[in-house]
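# Report on the structure
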Amino acid sequence: MTDDRPAWARRIAAERAARDWSQRDAVKALRAHAPTELPAEESMIRQWKRWESGQMPNDFYQPIIAALFGTVTHALFPAPARRDGDKEILAASGMETLEIVSRLNRSDVDNATLDALRITADRLASEYPFMPSEQLLIEGRQWLRRVVDLHTKSLTLAQHREVLALSGWLALLVGCVEYDTGARHAAESTRQAALSLATEADHAEVAGWAHEMRAWFALTTGDYRGVIAAAQAGAERAPHAGVAVQLAGQEAKAWARIGDRRQVEVALDKGRRLLEGMPYPENLDNHFVVDPAKFDFYAMDCYRLVGEDKLARTLAEEVLRAGTDFDGTERSPMRNAEARVTLGVTAAREGDLEQALIMGERALEGDRQSVPSLIMTSRELAAEMRRRYSSEPGAQDYLGRLRSLAEQKPGFMPR
């Protein structure tokens, strides 16, 4: 029989099972997260049964259930309808690329042109998950040069700051793609340029993302204390922006690799509380917007590392569900790849070599990859393969393929 319950109902049942809780256990745990007294136990158990069968909890219970399972409301329950990004961008700008470029050639710049540039930067950042790296890098650098050239024009003070901020956002995007493709030193130079632009424009969020990039670079090269330092510096610069959530996630990943379980939970809880208090994002596709589903991705990585295999597997399945359209198209191929590595690791630990190899190979197949992150997580699966299946031909083939990928980007292998 097919399970026709809503995805959120299936998930809360899976989250409960991953913790080996009965429904009574779940209700008892729920009370610890409730801001006020809840109804009697038997009444709440009946309520819980209705939720797991597919009856939507009301607005009071949704954030409590999300907190119980270490996530945020809109990662678990249906979110507001998403905008049609392409139509909205066209309606907002009313300009084709040629017209924007033509306007940039004028001696002065009007606010309509800056609006069009802002929308263009948003479009490029929204194409980060799926546009081929080479193409995105070319387009990003072209627009960055065009925006930087505006500094030679006649600008008001407000326009000058806007141009600095736009330059910063585009530099951040270019730096991310450079790092994805293995251009480590170029990416660091671009990141530093973005931080300089943010400082000149006094733009806290751009500065916060520049620190987040430093944390990401440090994570993928094994400098875990450097991750923590960068995350804390970024959080001080932009404590209330969405980037603070991602910084908390990076910090949690570093603590997980250091092996400090308590600090992992502290960092994850810090990020979850920040995200729960933020409005739902307008454009989930923008790479510099932290969408609620991404928090499950951070937690998945941490639980895999600390050996909480049931929780890691449950979250990996949720990451894949959230990152795949109904027709099988992958909206978040890079997140999906790491989710498959997680499923591979948990399968290997459970003695299922065949499933571990299937997931490991699928993770390496995607056209759009963040090579440093993929190598970092795949090394964990490789370690399980060596530990448990070193004499198996399939495991040896996988290790060889991963070794070949790593040799292409040697600077990303943690020492």
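What counts, and at which threshold
The residue numbering used here restarts from 1 in each chain and proceeds along that chain's sequence as written. Local features are withheld for residues below a pLDDT of 70 in this predicted model, meaning they are given only at 70 or higher, and side-chain atom pairs are given and counted only at 80 or more; totals for whole chains, interfaces and linings count all residues. Excluded from the side-chain calculations are hydrogens and water; all other atoms, namely the structure's heavy atoms, are used. Secondary structure elements follow DSSP: runs of H or I of four or more residues count as helices, runs of E of two or more count as strands, with numbering from the N terminus. Each residue is placed in one exposure class: buried if its accessible area under a 1.4 Å probe, protein chains only, is under 20% of its type's maximum, exposed if it is over 50%, and partly exposed if it falls in between. Note on contacts: a residue pair qualifies if any of its non-hydrogen atoms lie within 4.5 Å across the two residues. For the accessible areas, the method is Shrake-Rupley and the probe is 1.4 Å, while residue cover comes only from the protein chains on display. By the criterion applied in these results, polar contacts are pairs of N or O atoms within 3.5 Å in which, for protein atoms, one can donate a hydrogen and the other can accept it, and in which residues neighboring in sequence qualify only through two side-chain atoms. Aromatic rings from Phe, Tyr and Trp, with only the six-membered ring used for Trp, were paired whenever their centres fell within 6.5 Å, and each pair was classed as stacked if the ring planes differed by under 30 degrees, edge-to-face if by over 60, and tilted otherwise. To sit over a ring, a charge needs its Lys NZ or Arg CZ within 6 Å of the ring centre and within 35 degrees of the ring normal. Salt bridge, as applied in this entry: a Lys or Arg side-chain nitrogen positioned within 4 Å of an Asp or Glu carboxyl oxygen. Fitted lines through C-alpha atoms serve as axes, helices being fitted only where they are in contact, and the angles separating the N-to-C directions of these axes extend from 0 to 180 degrees. Geometric relationships in this document are graded by angle, where less than 35 degrees denotes roughly parallel, more than 145 denotes roughly antiparallel, 65 to 115 denotes roughly perpendicular, and other angles denote oblique. The sense of a crossing depends on the near helix, which, turned anticlockwise from the far helix by less than a right angle, makes the crossing left-handed and, turned clockwise, makes it right-handed. The criterion is simple. A nonpolar core is a set of buried Ala, Val, Leu, Ile, Met, Phe, Trp, Tyr and Cys residues joined through side-chain atoms within 4.5 Å. Under this grouping Gly is polar, as are all residues other than the nonpolar Ala, Val, Leu, Ile, Met, Phe, Trp, Tyr, Cys and Pro and the charged Asp, Glu, Lys and Arg.

Let us now look at the overall build of the protein chain. A tally of regular secondary structure across the protein chain gives 21 helices and zero strands. Burial analysis of the protein chain (415 residues in total) assigns 52% to the buried set. Expressed as a percentage of contacts within the protein chain between residues at least 6 apart in sequence, the contacts between residues at least 24 apart total 65%. Element-wise, carbon and sulfur atoms account for 49% of the exposed surface of the protein chain, whose accessible area totals about 18,900 Å².

A separate point is the side chain of Ser126. Counting through the fold element by element, Ser126 comes out in helix H8 (residues 111-126). Residue classification places Ser126 among the buried positions, given a relative accessible area of 10%. Side chain to side chain, Ser126 and Asn283 meet in a polar contact 2.9 Å long. Ignoring sequence-local partners within four residues, the contact set of Ser126 consists of Asn283, Asp285 and Asn286.

Applying the stated rule across the entire model yields 13 aromatic pairs. Between the aromatic rings of Tyr179 and Trp216, the centroid separation amounts to 5.0 Å while the plane-to-plane angle is 65°, which identifies the pairing as edge-to-face. Residue Tyr179 is located in helix H10 (residues 157-180), and its partner Trp216 is located in helix H12 (residues 204-220); the two are separated by 37 residues in the primary sequence. Classification of Tyr179 as buried rests on a relative accessible area of 1%. Aromatic rings pair up to connect Trp21, Trp48, Trp51, Phe60, Tyr61 and Phe69 into one cluster. The ring of Trp21 carries Arg19 above its face, with NZ or CZ at 5.8 Å from the centroid. For the cation-ring pair, Arg146 lies above Trp143, with the distance from its terminal atom to the ring centre recorded as 4.5 Å.

Here we take up the pattern of salt bridges. Within the structure shown, the criterion is met by 34 salt bridges. Among the salt bridges present, the one from Arg11 reaches Glu318, with a minimum N-O distance of 3.9 Å. Separated by 307 residues along the polypeptide, Arg11 in helix H1 (residues 7-18) and Glu318 in helix H17 (residues 309-322) bring together distant segments of the chain. In this structure, Arg11 and Glu318 share a single accessibility class: buried. With its nearest N and O atoms 3.2 Å apart, the salt bridge here joins Arg257 to Glu380. Taken together, the residues span a long stretch of sequence, with Arg257 in helix H14 (residues 243-258) and Glu380 in helix H20 (residues 371-389) at a distance of 123 residues.

Time to look at unusual backbone geometry. Not every positive phi belongs to a glycine, and Asp20 is a case in point at roughly 60°. Tracing the backbone through its elements, the reader meets Asp20 in the loop between H1 and helix H2 (23-33).

A separate point is the packing of H8 against H10. It is at 10 Å that the axes of H8 and H10 come closest, and there the two elements cross at 15°. On the basis of the axis angle, H8 is roughly parallel to H10. Handedness of the crossing formed by H8 with H10: left-handed. Along the contact surface, H8 presents Asn111, Leu114, Leu117, Arg118, Ala121, Leu124 and Ala125, while H10 presents Gln159, Glu162, Val163, Leu166, Leu170 and Leu173.

Right, let's talk about the nonpolar core for a bit. In this structure, Tyr128, Leu172 and Leu268 are the most contacted members of the largest nonpolar core, which totals 77 residues. Of all hydrophobic cores here, the second largest spans 22 residues; its members include Ala348, Tyr389, Leu399 and Leu405.

What follows concerns helix H4 (residues 61-68). Within H4, seven of the eight residues are buried, which leaves it mostly tucked inside the rest of the structure. For H4, the full list of buried residues reads Tyr61, Gln62, Ile64, Ile65, Ala66, Ala67 and Leu68. In this fold, the buried residues of H4 make contact with H1, H2, helix H3 (41-53), helix H5 (73-76) and helix H15 (261-276). The first or second residue beyond H4 is Gly70, which carries a positive phi of 70°.

The description of two packed helices rests on the angle between their axes and on the distance between the axes. Between helix H13 (residues 224-237) and H14, the least distance of the axes is 9 Å, while the angle of their chain directions is 160°. In this view, H13 runs roughly antiparallel relative to H14, as classed from their interaxial angle. Pair H13 / H14 crosses with left-handed handedness. Residues Tyr224, Arg225, Val227, Ile228, Ala230, Ala231, Gln232, Gly234 and Ala235 of H13 form the contact with H14, whose own contacting residues are Leu247, Gln250, Glu251, Ala254, Trp255, Arg257 and Ile258. Taken together, the residues that form the contact of H13 with H14 break down as 10 nonpolar, three polar and three charged.

Bringing the environment of Phe217 into the picture now. Topologically, Phe217 is positioned in helix H12. For Phe217, the contacting residues outside a window of four places in its chain are Tyr179, Ala187, Glu188 and Arg191.

On to the environment of Trp8, then. By secondary structure assignment, the location of Trp8 is in helix H1. The class for Trp8 is buried, based on a relative accessible area of 6%. In the structure, Trp8 is positioned 48 residues away from Met56 in sequence and 8.8 Å away in space, judged by C-alpha atoms. If we skip the residues at most four places from it in the chain, Trp8 touches Trp51, Gly54, Gln55, Met56, Pro57, Leu76, Phe77 and Pro78.

All we've got here are geometric facts, nothing functional implied.
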